[in-house]
Amino acid sequence: MPQLEIIVDRPQRWDVPFGDAMRDEDVDQLLLVEPFRSIDPSRFPAALPMRGILKNDSRINVYQDGSIVVREGDYGNSAFLVLRGKVQVVLEGLGREVLGWQPSQKKGFVESMAAWWRSPRLPEVRDRLSAGSSWTTNNRDQVEDLAQTRVFLQDVPRVLDGSWSMTLHQGEIFGELAALTRAPRMVTVVAEGETVLLELRWQGLRDLMRRTDALREHIEGLYRENSLHVHLRETPLLAQLPSESLAAVADATIFETHGDFEWQSPVEPYAPGRQPETVMNEPLIVEEGTPCEGLVLVRSGFARLSHRFGDGHRTLAYLGKGQVYGLAETIQTSLNQEPAAMSSSLRALGYVDVLRIPQAVLEEHVFPNVSQQAIQDAAAKHAFYCTKNHCEKQSESLGAEQGQVETPLLEFLVERRLINGQQSMLIDLDRCTRCDDCVRACAATHDNNPRFVRQGQRHGSYLVAHACMHCVDPVCMIGCPTGAIGRDTESGSVRINDLTCIGCSTCANSCPYDNIRMTEVCDRHGAIAIDKTTQQPIYKATKCDLCSDLAGGPACQHACPHDALVRIDLGNLGELSRWVDR
Amino acid sequence: MISFASRRLQSVALTIVVLACVAYWTHWQGSVFEHSAFGTGYLLLAAILFLTLYNLRKKMPIPLWVTSTDWLQAHIYVGFSSAVFFGLHIGWRIPDGFIEGTLAGLYLATFVSGLVGLYWTRTIPHKLARVSEEVIFERIPRLRSRLRAKAEQAVLTTVRSAGVTTLGEFYGNRLQDFFENSRGLRYFLRPTSRLRKSLLAELTEVSRYLSEPERQASELLFALIRKRDDLDFHAALQWRLKMWLFVHIGLTYPLIIVASLHGLLAHLFDGGAL
């Protein structure tokens, strides 16, 4: 008679330390270094001691001269503290070749067919349950951190010649921005001479910050300061400013956070006839009709741009990271020498970080340094023309990236925060024959386990299926205690490391879209894994991984015979409108 | 992104050019006293084998050369072309032999089932999309039994709490069958909303005799009748979409077997190639 259950140890948070395990002497040394010296160990609970965090969530890396520590564009899950030596932070983009980018290895046809052939017939079969599991021998390669970059920059002075860079010395922290905001690295950091760095997994950084006010304030201060310079450089009109003017703009810029960072709590159900108060309850950043006081840049998160219509507000567009609000009005104010009225309201969706540049600063440091043509082009690109019945971009050609999506669809995407999805599974039900070829293709590429459900939120004939959307802001990553869920360094897709997942369900509960499933796992004979202590089944978090190791991309999209299914960035309205209008 | 209209235009143009070339070639063969039947026969067999390959592609875990959409497009236009190859092959005459007749019948049945499938796959999704809720075919029986349980619970509660049986009797006489049994084959072949309308009208009619608790329960019954009917509608149309494919693929195998036999016999009695 086959065995029905297999008793195993439940995977634990620190089964797999971050890199090679730190020795006790290393931890002792670290505790003598700032900022750890000032941290009170008694503020940490017994289950999560400070020593434990340093021992298991950090590692000491030695970099030779010219080694790239982090690359611009990579997704990173860790921050760095300079223990010895110094690093160069390159603020201007270096070429991909210089940074050693290489296409990732994908499974070939034969390899994919072999994997398909070997797929177990039972669902959710695991050969290994955790990195320390005794089911088979431990394979450390499978649990390696995704964010290890070891590329050397040859001839550093020549490569960095003329690049805008700054030097960080012993005791300084970097990389916290990408680690905390789940965003790609915005700069490249190169070791200058032999450099010793402490790399801190973001879960460890988060736990340290939670219990240390000074460290939290320091990191938040760094975050604001560092992100500000990078962000201003990427803003239209400001990109060409001389360094001294940009510095003046940076000094005068006000950093604001609106809304609730813990926005992953369930979003309210969308209903076409819902009351306008819902929109009105969103935190107001700038109100329509008020005099223009300056430019607002969206630093992170999403904001709704709306126009008063009847007793409610009609959504015109939404602004995401890097987008600008109020440019047309600031220019108009500058030209007319009297404040223009804001043509639309800006409200926080969930949470949003914005930068405000006051009008006086723009007039003193920005407009005099930019050509009239550039100002007019920018104004036309960002202006909306609204009548009582509808709103549209003033310039079709210049505003093409926002696309023309019908207002109800736009409202649906914004209300449900679906704009967060970079690889959402959108199904056109007018073309879908419900053949389930997409589900079968998904199962075939994942050991006979489909990683999505062909149901979900619906607007008219469009269905956003329950498949991981690989969000701009993957809030599922926030609470993961082991770092098992993280971004792929190169593609940015959100992946789960099955061996380090302890089945705590935090990610599944955090996902506002219900796109992560907790599944019981079994061995090849079908025996369900049971925790030795609690006698409860052991779960693993599962979700779409975008077929990241499969040549050609997501199998679901390629398997759809009727062009009904697409993996699409719902934040890109241009792409969406082109797909809708096919 | 290429629009559907452009794609259709390009594919139709390419198909017409290919068919014109094949037609010209057979005409030229005829004019020089060559027999074109073997050429068109092999062309037809190749087309049928290519059409069959699509089913194999659908079972592959990874994209085989091109996407499933591209395969289907090729499948459709090669399928249409095969009808012209077939016409050229039989010389636009009705076959009179037993094997030829059987083969022609199988081909035509497969071709017509393809045409019907094409029509259904282009029209049924619109009808399904108009139903408010999206359901997965395999989950329909479970959803039906949940609806039935809810309906029964609502009625029994009124009987127990209010001690009146008007709604209970109506449920037993008119709604119990509807909630418990599957709709017949006739509905699956031609789903209509006649029963739904009729039951809703009857429930409206009986409402005037209901007590307050029963009236509240009847409101729930209105919603459950609509939901159940929507489920049946989904079940019928999704079943149809699955069945036609079953028939279409099922016809392919005897078609290939008989076509191969026909080719073998043709060569044997031609006294040539074999």
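Residues numbered from 1 in each chain as written. Chains lettered and ligands numbered in written order. Predicted model: local features only at pLDDT ≥ 70, side-chain atom pairs only at ≥ 80, totals over all residues. Heavy atoms only, no water.

Caption draft 1: Quick look at the overall build of chain A. Across its full length, chain A carries 17 helices and 25 strands. Per-residue burial over chain A gives 57% buried out of 582 residues. A fraction of 78% describes how many contacts in chain A between residues 6 or more apart in sequence connect residues 24 or more apart. Accessible area of chain A: about 25,400 Å², with a carbon and sulfur share of 50%. (Helix = DSSP H or I, 4+ residues; strand = E, 2+ residues; numbered from the N terminus. Buried < 20%, exposed > 50% of the residue type's maximum accessible area, 1.4 Å probe, protein only. Contact = heavy atoms within 4.5 Å. Areas by Shrake-Rupley, 256 points an atom, 1.4 Å probe, with all protein chains shown as cover.)

Caption draft 2: A look at the overall build of chain B. Helix and strand content of chain B: nine helices and zero strands. Secondary structure elements of chain B, listed N to C terminal, follow the sequence α-α-α-α-α-α-α-α-α. Counting over 274 residues, chain B shows a buried share of 39%. A total of about 15,600 Å² of accessible surface is found on chain B, and carbon and sulfur atoms cover 65% of it.

Caption draft 3: Here's a closer look at the side chain of B:Thr110. Within the element layout of this structure, B:Thr110 appears in helix 4 (residues 98–129). Residues within four places of B:Thr110 in sequence aside, it is in contact with B:His248, B:Leu251, B:Thr252 and B:Leu255.

Caption draft 4: Highlighting the pattern of salt bridges. Tallying each qualifying case throughout the model produces 36 salt bridges over all chains. Residue A:Asp563 is joined to B:Arg7 by a salt bridge in which the shortest nitrogen-to-oxygen separation is 2.6 Å. Of the two residues, A:Asp563 is situated in the loop between helix 16 (555–559) and strand 25 (565–568) and B:Arg7 in helix 1 (residues 4–31); the pairing between them involves two chains. Its relative accessible area of 16% is what places B:Arg7 among the buried residues. Here the salt bridges share partners, and the residues they tie into one network are B:Arg144, B:Arg183, B:Arg196, B:Arg228, B:Asp229, B:Asp230 and B:Asp232. (Salt bridge = Lys/Arg side-chain N within 4 Å of Asp/Glu carboxyl O.)

Caption draft 5: Geometry of the interface of chain B and chain A. Each partner contributes to the interface: chain B provides 36 residues, whereas chain A provides 32 residues. Linking chain B to chain A there are four salt bridges. A:Arg454 is the salt-bridge partner of B:Glu134, the closest N and O atoms lying 3.5 Å from each other. Scanning the region where chain B abuts chain A turns up 16 residue pairs in polar contact (both at pLDDT 80 or more). (Polar contact = N/O pair within 3.5 Å; in protein donor to acceptor, adjacent residues only side chain to side chain.)

Caption draft 6: Region of interest: the packing of helix 13 (residues 407–415) of chain A against helix 17 (residues 573–580) of chain A. All names here are of chain A. It is at 13 Å that the axes of helix 13 and helix 17 come closest, and there the two elements cross at 130°. By the angle class used here, helix 13 and helix 17 are oblique. Pair helix 13 / helix 17 crosses with right-handed handedness. For the pair formed by helix 13 and helix 17, the contact residues are Leu 409, Leu 410 and Leu 413 on the first element and Leu 573, Leu 576 and Val 580 on the second. A breakdown of the residues in the contact of helix 13 with helix 17 according to their chemical character gives six nonpolar, no polar and no charged. (Axes fitted to C-alpha atoms, helices over the stretch in contact; angles between N-to-C directions. Parallel < 35°, antiparallel > 145°, perpendicular 65-115°, else oblique. Left-handed = near helix turned anticlockwise from the far one by under 90°. Nonpolar A, V, L, I, M, F, W, Y, C, P; charged D, E, K, R; others polar.)

Caption draft 7: Layout of the environment of A:Arg495. Residues and elements named next belong to chain A. Summarising the element assignment, Arg 495 is placed in strand 21 (residues 494–496). Separated by 25 residues in the primary sequence, Arg 495 and His 470 have C-alpha atoms spaced 8.7 Å apart. At a separation of 2.7 Å, a polar atom in the side chain of Arg 495 contacts the side chain of Asp 488.

Caption draft 8: Examining the packing of aromatic side chains more closely. All names here are of chain A. Counted according to the given criterion, the structure contains 11 aromatic pairs over all chains. Considering the side-chain rings of Phe 302 and Tyr 318, the 6.3 Å spacing of their centres and the 80° angle between planes classify their relative orientation as edge-to-face. Of this pair, Phe 302 sits in strand 11 (residues 294–309) while Tyr 318 sits in strand 12 (residues 312–319), and the two are 16 residues apart along the sequence. There is no split in this pair, since Phe 302 and Tyr 318 are both buried. (Phe/Tyr/Trp six-rings, centres within 6.5 Å; stacked < 30°, edge-to-face > 60°.)

Caption draft 9: Layout of the environment of B:Thr252. Residue and element names in this part refer to chain B. Looking at the secondary structure, you find Thr 252 in helix 9 (residues 212–270). Relative accessible area serves as the criterion here: at 11%, Thr 252 is assigned to the buried category. A C-alpha to C-alpha distance of 9.5 Å links Thr 252 and Ala 109, two positions 143 residues apart in sequence. The contact partners of Thr 252, leaving out residues within four places of it in the chain, are Thr 52 and Thr 110. At a separation of 2.9 Å, a polar atom in the side chain of Thr 252 contacts the main-chain carbonyl oxygen of His 248.

Caption draft 10: Expanded view of the packing of helix 6 (residues 166–180) of chain B against helix 9 of chain B. All names here are of chain B. One way to put it is that helix 6 packs onto helix 9 with a least axis distance of 12 Å and a crossing angle of 10°. By the angle class used here, helix 6 and helix 9 are roughly parallel. Of the residues in helix 9, those in contact with Thr 166, Leu 167, Leu 175, Phe 178, Phe 179 and Glu 180 of helix 6 are Glu 214, Ala 217, Ser 218, Leu 221, Leu 224, Ile 225, Arg 228, Asp 229 and Asp 232. Considering only residue class, the contact of helix 6 with helix 9 consists of eight nonpolar, two polar and five charged.

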